[in-house]
Amino acid sequence: MHSERISLIHAFIHNLATTISSASLYSIDHPQVDRFCTLALDAIVAAIDRGGDVSILLIDDELVVDEAPLVNNMYIWRLVTALKVRGIGHLKITQGVTGQELRMLADGLRRRSDYREICSTDHVRFGTVEVRFADQDQGATGLEAFRKLPTFEEMPTFELVRLIEIYDEARRHGKLRIVGINEIVKGFIKTFKNQLDPLLAVSPIKSLDEYTFTHSTNVCILNLAQAMSLGIEGDLLNEIGIAAMLHDMGKLFIPEEVLTKPTNLDDKEWEMMRLHPVRGAMYLLNCSGVPASSAITAFEHHMRYDGTGYPTVYRGWEQHICSQITAISDVFDALRSNRSYRGSVEYDTIAAMMYDMAGAQLHPILVRNFLGVLKKANKI
Ligand SMILES: [Fe+2]
Ligand SMILES: [Fe+2]
């Protein structure tokens, strides 16, 4: 009975996290949101039937239910992060909970805005608990400590944190731990293989900021979804993922003020920005163990299918498949993201824009395949 209840609570969190991700990727009214919300409701109602109201406590980085921590997985981490950034330490779901209440919960948790906007409802109640973080300021507890945490609520947190460390080391010491990148990519591939549809795993792709590492994991997920839908497997699949992770390495050498500038770049800043493919490729060529395709992708990802773009190359230059796939993921993520200089664009608009780019900026067959993969997910 007890283990059954815990499995149902896991199923609830899995579906709630996917509801949040789907609402972020599409909209709160999307059929996919409805579908996962219903699954979350079924699971939580069944769990309540088997042992009463469900109290989920956030203690350090774990969710605790019925006095025992839940075994961490990607979905639990997503919920942990979403709760943390809003200072929520306690979530109680009681008998009589409705789909509408869960939808409101998902809607509140998907937003990056202030935690105060999320309100308790009759059967979904929030609270704060005093939580201490072993590796943080020991004096900061509860809300204060939560507020210090980063806000990567839609990303696979484990991978993101590791990637931040790897990039930080590259930026500060010039050393790239390619083994770490490889592990992250393998982890994504394994996750996707366990999903019925890789696009379900792609759901958490909404970028919440402009940091290169967030964008890189998004591009990696999208690259893998594209490649897997094309039947690519093995080493090439791995390389396509790694190339995505490293495609913007050159941006590590651009001052952050330029990368995050809220207004248009001036000529000098733009010139600096346009150099990131060359700088990234040169950096990667000097790192041992990095596949050649990653350096090529870094160099080519802003080139266009019609031969224009940057850097300028000779006529007849042929873009590598990794670069072509990455260029598509890159454009999609750029349009999806809340860039500092532009609001995010809705899915249908993006699809229309990408169709327009097919054959000029992007490879036409690959664009068609990419939009097909997205469309398939859209119907789920
Ligand atoms: Fe780039
Ligand atoms: Fe990029």
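Residues numbered from 1 in each chain as written. Chains lettered and ligands numbered in written order. Predicted model: local features only at pLDDT ≥ 70, side-chain atom pairs only at ≥ 80, totals over all residues.

**Remarks on the packing of helix H14 (residues 292-300) against helix H15 (residues 321-336)**
Worth spelling out the cut-off: Note on method: axes are straight lines fitted to C-alpha atoms, helices fitted across the in-contact stretch only, with angles between N-to-C directions ranging 0 to 180 degrees. Runs of H or I in DSSP of at least four residues are treated as helices and runs of E of at least two as strands, each being numbered from the N terminus. Angle categories are assigned with fixed cut-offs, so that under 35 degrees is roughly parallel, over 145 is roughly antiparallel, 65 to 115 is roughly perpendicular, and the rest are oblique. Helix crossings fall into two classes, left-handed where the near helix is turned counterclockwise from the far one by less than a right angle and right-handed where it is turned clockwise. Residue pairs qualify as contacts under a 7 Å threshold applied to their C-beta atoms, which are placed from the backbone.
Orientation of H14 relative to H15, taken along the N-to-C sense of each, is 50 degrees, at an axis distance of 8 Å. Relative to H15, H14 is oriented oblique. Crossing geometry of H14 relative to H15 is assigned as right-handed. Together, Ser293, Ile296, Thr297 and Glu300 of H14 and Cys322, Ser323 and Thr326 of H15 make up the contact between the two elements.

**Comments concerning the packing of helix H10 (residues 234-246) against H15**
The condition is simple: In this count, Pro and Cys sit with the nonpolar residues alongside Ala, Val, Leu, Ile, Met, Phe, Trp and Tyr, while Asp, Glu, Lys and Arg are called charged and the others, Gly among them, polar.
Their axes nearest at 10 Å, the elements H10 and H15 cross at an angle of 55 degrees. In terms of orientation, H10 and H15 fall into the oblique class. The element H10 and its partner H15 pack so that their crossing is right-handed. Along its contact with H10, which presents Glu239, Ile240, Ala243 and Ala244, the element H15 presents Cys322, Ile325, Thr326 and Ser329. Taken together, the residues of the contact of H10 with H15 sort by class into five nonpolar, two polar and one charged.

**Section: the confidence of the model for the protein chain**
Reading predicted coordinates in detail is not appropriate for stretches of low pLDDT. Put simply, the rule is: The predictor's confidence in any single residue is recorded as pLDDT, a number from 0 to 100.
When the pLDDT values of the protein chain are averaged, the result is 79; 79% of them are 70 or greater. When mean pLDDT is compared element by element in the protein chain, H14 scores highest at 97, while helix H5 (residues 142-147) scores lowest at 32. Contacts for the low-pLDDT stretch residues 129-155, under 50 throughout, to residues beyond four places or in other chains number 53 contacts. Considering only residues more than four positions removed or in separate chains, one finds that residues 339-343, a stretch of pLDDT under 50, has 10 contacts.

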